[in-house]
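Chain and residue survey
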Amino acid sequence: MTAIAPAVWGSTYIVTTELLPPHRPLLAAVLRALPAGLLLIALTRRLPQGSWWWRSLVLGALNIGAFLALLFIAAYRLPGGVAATVGAVQPLITAGLSAALLGDRLTLRTVLSGIAGVAGVSLLVLRANAQLDAVGVVAALAGAVVMATGVVLSKRWTSPAPLLATTGWQLTAGGLLLVPVALLVEGGPPSHLTAANLLGYGYLSLIGAALTYALWFRGIRALAPTSVSFLSLLSPVVATAIGWLALGQDLSPLQALGALIVLGSLVAAQTQRRRATAAPATMQAAGPPAAPPTVRENA
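1. Some details on empty space enclosed by the protein
A complete count under the given rule lists 2 cavities of 30 Å³ or more for this structure. Considering only enclosed or pocket space, the largest cavity measures out at about 100 Å³ in volume. Breaking the lining of the largest cavity down by element, the ones donating at least two residues are helix H4 (52–77), helix H9 (163–186) and helix H10 (195–222). Here the lining of the largest cavity is built from residues that sort into 6 nonpolar, 5 polar and 1 charged.

2. Points about the side chain of Gln270
Position of Gln270 relative to the elements: it lies in helix H13 (residues 253–286). Gln270 has contacts with Ser227, Phe230 and Leu231, leaving out every residue within four places of it along the chain.

3. Quick notes on the environment of Leu171
Looking at the secondary structure, you find Leu171 in helix H9. Not counting the four nearest positions on each side in its chain, Leu171 is found in contact with Ala33, Leu34, Ala36, Gly37, Leu40, Ile64, Ala209, Ala210 and Tyr213.

4. Thoughts on the packing of helix H3 (residues 25–44) against H4
Between H3 and H4, the least distance of the axes is 10 Å, while the angle of their chain directions is 155°. Considering the angle they form, H3 stands roughly antiparallel to H4. Of the two possible hands of crossing, H3 and H4 adopt the one that is right-handed. The segment H3 lies against H4, with Pro25, Leu26, Ala29, Arg32 and Ala33 engaging Ile64, Leu68, Ala69, Phe72 and Tyr76.

5. Here we look at the packing of H9 against H10
Interaxial distance between H9 and H10 falls to 9 Å at its minimum, and their mutual angle equals 115°. Crossing handedness for the pair H9 and H10: right-handed. For the pair formed by H9 and H10, the contact residues are Leu163, Leu164, Thr166, Thr167, Gln170 and Leu171 on the first element and Ala209, Ala210, Tyr213, Ala214, Phe217, Arg218 and Arg221 on the second. Class assignment for the residues of the contact of H9 with H10 results in 8 nonpolar, 3 polar and 2 charged.

6. Quick notes on a nonpolar patch on the surface
A contiguous nonpolar surface patch, about 430 Å² in accessible area, is contributed by Leu39, Leu43, Leu206, Ile207 and Leu211. Of all the secondary-structure elements, those providing two or more residues to the nonpolar patch are H3 and H10. A per-element tally of the nonpolar patch places H10 first, with 3 residues. Position of Leu206 among the secondary structure elements: in helix H10.

Cut-offs and rules
Sequence order as written defines residue numbering, which begins from 1 separately in each chain. Reporting of local features is limited, given that this is a predicted model, to residues whose pLDDT is at least 70; pairs of side-chain atoms are given and counted only at 80 or more, and all residues count toward the totals for whole chains, interfaces and linings. Processing note: side-chain calculations cover all non-hydrogen atoms of the structure and skip hydrogens and water entirely. Within this scheme a cavity is a closed region of a 1 Å grid, computed over the protein atoms alone, that accommodates a 1.4 Å probe without allowing it to escape, whereas a pocket is open but has protein on both sides within 12 Å along at least five of seven lines; lining residues each have an atom within 4 Å of a point. Grid points are joined across faces, edges and corners, and a volume is the space filled by probe spheres set on the points. Put simply, DSSP H or I for four residues or longer makes a helix, DSSP E for two residues or longer makes a strand, and each gets a number counted from the N terminus. Three classes are used, and their members are as follows: Ala, Val, Leu, Ile, Met, Phe, Trp, Tyr, Cys and Pro are nonpolar, Asp, Glu, Lys and Arg are charged, and the others, Gly among them, are polar. Contacts are residue-level and defined by heavy atoms, with any inter-residue pair within 4.5 Å sufficient. Only the stretch in contact is used when fitting a helix axis, every axis being a line fitted to C-alpha atoms; angles between N-to-C directions are given from 0 to 180 degrees. The cut-offs work like this: below 35 degrees is roughly parallel, past 145 is roughly antiparallel, 65 to 115 is roughly perpendicular, and the gaps in between are oblique. By the definition used in this description, the sense in which the near helix is turned from the far one sets the handedness, with an anticlockwise turn below a right angle giving left-handed and a clockwise turn giving right-handed. Patch members must show over 30% relative accessible area and no salt bridge, and they are joined within 9 Å when carrying like charges or within 5 Å when they are nonpolar side chains of Val, Leu, Ile, Met, Phe, Trp or Tyr. Only the protein chains shown count as cover for residues, and the accessible areas themselves come from Shrake-Rupley with a 1.4 Å probe. Throughout this description, the term salt bridge denotes a Lys or Arg side-chain nitrogen within 4 Å of a carboxyl oxygen of Asp or Glu.

Below is the structure:
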C-alpha cells in the first residue's frame, strides 16, 4: 500500500508537462498541498492540540513545504537526471538518521542496497552530457536530507489523532509555508486557467496529495523509516516507464538495467526488514525452551 504513493508521484512529470501552465512549479506545489490539506481537515473535523500545533508545522515544512521548494530549485538549476540521482541518496540518509534518532541498526545490507539504488537511478535517468550546478546540487541534497528527516521524525512523533487528520495538518502547514515563496518567485496566479489546467491541479491535489500522502504517512506508522524511504525510488522508475509508454520516449538497455537494479535494491531492503522483524516474533511464538526431564521422568 505504501508503494502506491511514490508510484503515483512518478506521474507528476507527465501531468505537469501535459496539463499545467508552464514555468509555475511553485503554484503547482501550493495548489497540490493546500486544498488537499484543507479538505482532509474539513472531512475529519480535527485540529491539532497541544504540542501538535508546532509539530505539525515542523513536519509539514519538512515533508512538504521545504522539500517541494528545494525540489523546485534543483529542478530549475539541474538536468532532471542529476536532480533525481542526487535525491536517490535519501534512503541512505534515512538509514543514518534512524540509527541516530531511533536506535535502528544500520546494516551492511542496507548500505549496499542504498548504493545500488543510487547507481540504478543514475543509469535510469542520468545523461552523459549532464552539467552540474553547485547551487542545484546543494538544493537537491538538502531536499533529500529534509525529506529523510521528515520521515524519521514522523516515525518518532506518532500522532494520537486519526491518520487523515494528521495528513491534513501537514499538507495545510506545508501549503501555507509555500504561499509566500510562490508569490515572491512566480507572482500571482494566472488570470485564465483552461479545463486541462484544472484537471491537472485536481489530480495533483486529490490523488497526488490527499490520497498518496495518507498512504505514505500510514506506511511510516507501520514500517521502519528506512523501508519506507527505499520505496521513494519507485518514482523515477514509474516516471521513465510513463514517458516510454505514453510519450514515446526512448528506453535504452542501460535504462532498463537501471530499473532492474532499483527494483532489486527495493527487494533487498524490504526482505531484510521482514527477516529482522520476523526473527523475534518467531522466537516469541516458540516460547521458552523446554525444561530438561527430571530424574522421575527418566525413570
